[in-house]
Amino acid sequence: MTAVVDYNAGNIFSVVCALERLGEKVAVTSDKDTILSADRVVFPGVGHAVSAMEELEKCGLIGVLRSVTRPFLGICLGMQLMCSTSEEGPASLLSIVNADVKKFDPSICHKIPQIGWNTVFNLSSPLFDGVKEGTYFFFDHSYYVPLLNDNTASFSEYYGFDYSSALCWDNFFGVQFHPEKSGKAGARVLENFIHMEL
């Protein structure tokens, strides 16, 4: 069973539908015990980082998410919240990965947010088993995680600027793109996550 974290900041419906199409049993929940006992956890997110952290605090989930020991997948804002800080606001994030989320520089990236299809490279995570280098995924974001020596599991390029499009750290994984909106390639990433054994 996959627990999809419900904290009023996630694109939950699309994620749940994508998982159920793969035959996965899903629980949409903010319950601590359900999250910690699930076989795996999906942490979607859209919106503002500070507001999202406020919602997690209201739900009492900050410590819970940090303590998950099963496979954990952060999607879009969910991946960014796994980091330490964000230029989007002053809130401390989950600090699962030691990284600072940055905003795309408008003097370099002439269209912000990045909305649409983009390619991923240097795939170095079991999430990408069976996925080819340069595969297209759907992105929608104004902030990004820089390239990290130990945690970047793929990178993408925007206006000549490279950033982390996927992260990994122990049992924690994150994707900046939306696998639930990325067709067959996105379904493959979710399927790989569902069948992941740590």
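Criteria and thresholds
- Residue numbers here run from 1 along each chain, matching the order of that chain's written sequence.
- Only residues with pLDDT of at least 70 get local features here, since the model is predicted, and only at 80 or more are side-chain atom pairs given and counted; chain-wide, interface and lining totals rely on the full set of residues.
- As a rule here, side-chain values come from all non-hydrogen atoms in the structure, and water together with hydrogens is ignored.
- Numbered from the N terminus, helices here are DSSP runs of H or I no shorter than four residues, and strands are runs of E no shorter than two.
- Computation of the radius of gyration draws on C-alpha atoms, with the globule rule given as 2.2 Å multiplied by the number of residues to the power 0.38.
- Classification of residues uses two cut-offs on accessible area relative to the type maximum, computed with a 1.4 Å probe and protein chains only: under 20% is buried, over 50% is exposed, and between them is partly exposed.
- The contact criterion used is simple: two residues touch if any of their non-hydrogen atoms lie within 4.5 Å.
- Per-residue and other accessible areas were derived by the Shrake-Rupley procedure at a 1.4 Å probe size, with only the shown protein chains allowed to occlude residues.
- Polar contacts, as used here, are pairs of N or O atoms within 3.5 Å; protein pairs need one atom able to donate a hydrogen and one able to accept it. Residues neighboring in sequence count only if both atoms are side-chain atoms.

Turning our attention to the overall build of the protein chain. Each helix and strand counted, the protein chain has six helices and 12 strands in total. In summary, the protein chain has a C-alpha radius of gyration of 15 Å against a globular reference of 16 Å for 198 residues, a match within 12%. Looking at the protein chain as a whole, 56% of its 198 residues qualify as buried. Sequence-distant contacts in the protein chain: of pairs separated by 6 or more residues, those separated by 24 or more amount to 67%. For the protein chain, the accessible area works out to roughly 8800 Å², and carbon and sulfur atoms hold 48% of it.

A separate point is the side chain of Gln114. When you line up the elements, Gln114 lands in strand 7 (residues 114-119). When its relative accessible area of 4% is taken as the criterion, Gln114 is described as buried. Engagement of the side chain of Gln114 in a polar contact is seen with the side chain of Asn118, the distance being 2.7 Å. Of the polar contacts made by the side chain of Gln114, one reaches the side chain of His141; its length is 2.8 Å. When neighbours within four sequence positions are excluded, Gln114 is seen to be in contact with Phe104, Phe139, Asp140, His141, Tyr158 and Tyr163.

Along the polypeptide, Pro106 turns up in the loop between strand 6 (100-103) and strand 7. Judged by its relative accessible area of 57%, Pro106 is exposed. Counting along the chain gives 36 residues from Pro106 to Ser142, while the straight-line C-alpha distance between them is 9.9 Å.

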